[in-house]
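Fold and contact review
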Amino acid sequence: MTVARRVRVHGRVQGVFFRDSTRAEARARGVAGWVRNRSDGTVEAWFEGEPDAVEALVAWCGTGPPRASVERVDVEEAEPEGLDGFEVR
């Protein structure tokens, strides 16, 4: 079973290696998708894969890498798109 989540992370999340760290965490968990900076200062990501792996990655976003200061994580359920691999956009 594959699930998908769209995530928006608010706080000090740009310029702190959030995207690269998310890619490394996703690859370690076998989660497909992408991550990108948004012009409003948030980080947006799409995760899809096994439910436990996706939920673990969503939970990781609540803390992020050491230099990040996460204020809030918005999570939406989504339909998987069949993505393969994980990329920084």
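Please read all numbers here as calculations on a predicted model, not as lab measurements.

Quick look at the side chain of H10 now. Looking at where H10 falls in the secondary structure, it is placed in strand 1 (residues 3-12). We classify H10 as buried; its relative accessible area is 14%. Reaching out from H10, the side chain makes a polar contact with the side chain of D74 at a distance of 2.9 Å. Discounting chain neighbours no more than four positions away, the residues touching H10 are T42, S69, V70, E71, R72 and D74.

Sheet architecture is open: five strands sit in the order 4-1-3-2-5, paired in mixed fashion. Looking at strand neighbours, the two that pair on one side only are strand 4 (69-78) and strand 5 (86-88), the edges of this open sheet. Each strand axis lies, on average, 15° off the axis of its neighbour in the sheet, ignoring direction. Summarising the sheet, strand 2 (residues 32-37) and strand 3 (residues 43-49) pair through six bridges and their orientation is antiparallel. Paired with W34 across the strands is W46, a residue of strand 3. Contacting strand 1, strand 2, strand 3, strand 4 and strand 5, helix 1 (residues 18-29) runs over the sheet at an angle of about 175° to strand 5. Together, strand 1, strand 3 and strand 4 form the strand contacts of helix 2 (residues 51-61), whose direction differs from that of strand 1 by roughly 10°.

How each quantity is defined
- The written sequence of each chain sets the order in which its residues are numbered from 1.
- Confidence filtering applies because this is a predicted model: local features only for residues at pLDDT of at least 70, side-chain atom pairs given and counted only at 80 or more, and all residues used for totals across whole chains, interfaces and linings.
- Based on all heavy atoms of the structure, the side-chain values leave hydrogens and waters out of the count.
- Each helix corresponds to a stretch of at least 4 residues labelled H or I by DSSP, and each strand to a stretch of at least 2 residues labelled E; elements are numbered beginning at the N terminus.
- Remark: exposure states derive from per-residue accessible area (1.4 Å probe, protein chains only) relative to the maximum for the residue type, with buried under 20%, exposed over 50%, and partly exposed in between.
- We call two N or O atoms a polar contact when they sit within 3.5 Å, provided that within protein one can donate a hydrogen and the other can accept it, with sequence-adjacent residues counted only if both atoms are side-chain atoms.
- Residue contacts follow a heavy-atom distance rule, with two residues in contact if any of their heavy atoms lie within 4.5 Å.
- Between any two strands, at least two bridges found by DSSP are needed for them to pair.
- Angles run from 0 to 180 degrees between N-to-C directions of axes, and those axes are lines fitted to C-alpha atoms, restricted for helices to the stretch in contact.

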